[in-house]
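Here are the chains, one letter per residue:
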Amino acid sequence: MRLQLNRILAPVTVLGYGQRIGLWVQGCGIACPGCASVDTWEPSGGESRDVDGLAAQVVREIISRRLVGVTLTGGEPTDQAPQLELLVLKVREYLSVAGYEAPVDVLLFTGRPARAAAARAAGLWKLLDAAVCGPYRRDEPGEEPLLASANQELVLLSPLAAERYSRSDDVARLQVVSEDGQLLIVGLPRPGDLDRFESLLCKRGVSMRGNSWRVTT
Ligand code: SF4
């Protein structure tokens with residue numbers, strides 16, 4: 001089985017509890033105005049990955065970096081629910097075989113409301129610890145950790161998630177990563193954050209091309 005993937009990154013520190021691995025799937029037709037991940041919309045973009053090989057890579061990263069969670073985002077993960085269900089099953093199986101003892105939670109970000117996501121991705125939903133659900137609404141900025149807009153909902157689906165995600169501590173919302181000559185901004189920017197970041201870099205002589213949060217560059 002193959003999954004269309006935009007990006008894999010570790011450690012990710014702003015999309016869930018602790019240090020995690022993040023998988024951005026490719027393809028999203030929800031098209032929220034103001035989406036910061038426009039580069040994940042085109043379903044045929046990114047790269048096609050064998051799920052078993054991807055699971056092995058995820059497990060290697062978790063073990064070598066002592067990570068505590070997996071974040072599934074995109075793009076729209078529920079559009080590739082069977083692939084992600086298999087991926088999570090394999091990651092858990094391989095971690096168990098390797099004797100990795102730290103609890104690893106799986107957190108999903110979906111642009112669909114919780115009920116619709118659970119119906120569309122029933123098998124995957126049963127394997128999750130938590131899910132952030134609902135489309136991004138630019139005009140309703142979210143104040144709670146993990147919620148990009150106030151209409152979104154954090155659904156806790158396991159005791160581990162209740163332990164890790166019940167508190168609403170103020171946490172960093174953006175992480176900047178340099179990888180393969182690219183500057184990546186990970187997280188949940190508030191309105192204007194990305195423009196301010198670009199302007200700050202511009203003042204320091206860094207010009208940006210190919211911004212993923214703009215349809216045209
Ligand atoms: S915010 Fe998420 S659901 Fe909305 S268009 Fe962007 S990737 Fe799709």
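Structure's up top.
These figures come from a predicted structure and were not determined experimentally.

Draft legend 1. Expanded view of the site of the ligand. Cys 28, Ile 30, Ala 31, Cys 32, Cys 35, Trp 41, Gly 74, Gly 75, Gly 111 and Tyr 136 make up every residue found near the ligand. A class-by-class count of the residues in the shell around the ligand yields seven nonpolar, three polar and no charged.

Draft legend 2. Up close: empty space enclosed by the protein. In the structure shown here, the tally under the stated rule is one cavity of 30 Å³ or more. Within this model, the largest cavity holds a volume of roughly 30 Å³. Taken together, Val 70, Leu 87, Val 88, Val 91, Arg 92 and Val 106 form the lining of the largest cavity. For the lining of the largest cavity, the element with the highest residue contribution is helix H2 (residues 81-98), accounting for four residues.

Draft legend 3. Highlighting the pairing of strand E2 (residues 20-25). Burial analysis of E2 places six of its six residues in the buried class, the great majority of the element. Neither face of E2 is exposed, since Arg 20, Gly 22 and Trp 24 on one face and Ile 21, Leu 23 and Val 25 on the opposite face are all buried. The sheet contact formed by strand E1 (residues 2-12) and E2 spans five bridges and is antiparallel. Across the sheet, the residue bridging to Leu 9 is Gly 22, located in E2. In terms of strand pairing, E2 meets strand E4 (residues 69-73) through five bridges, oriented parallel.

Draft legend 4. Just helix H1 (residues 51-65), in detail. Here H1 is 15 residues long and its end C-alpha atoms lie 21 Å apart, about the 21 Å a rise of 1.5 Å per residue gives. Val 51, Leu 54, Ala 55, Gln 57, Val 58, Val 59 and Ile 62 are the residues of H1 that are buried. If you follow the buried residues of H1, they end up packed against E1, E2, strand E3 (47-50), E4 and H2. Once H1 finishes, Arg 66 follows within two positions and takes phi at roughly 55 degrees, a positive value.

Calculation rules
- Residues numbered from 1 in each chain as written.
- Predicted model: local features only at pLDDT ≥ 70, side-chain atom pairs only at ≥ 80, totals over all residues.
- Heavy atoms only, no water.
- Near = heavy atom within 4 Å.
- Nonpolar A, V, L, I, M, F, W, Y, C, P; charged D, E, K, R; others polar.
- 1 Å grid on protein atoms, 1.4 Å probe; cavity = no way out; pocket = protein on both sides within 12 Å on 5 of 7 lines; lining within 4 Å.
- Points joined across faces, edges and corners; volume = space filled by probe spheres on them.
- Helix = DSSP H or I, 4+ residues; strand = E, 2+ residues; numbered from the N terminus.
- Buried < 20%, exposed > 50% of the residue type's maximum accessible area, 1.4 Å probe, protein only.
- Pairing = 2+ DSSP bridges.
- Expected span 1.5 Å × (residues − 1).
- Contact = heavy atoms within 4.5 Å.

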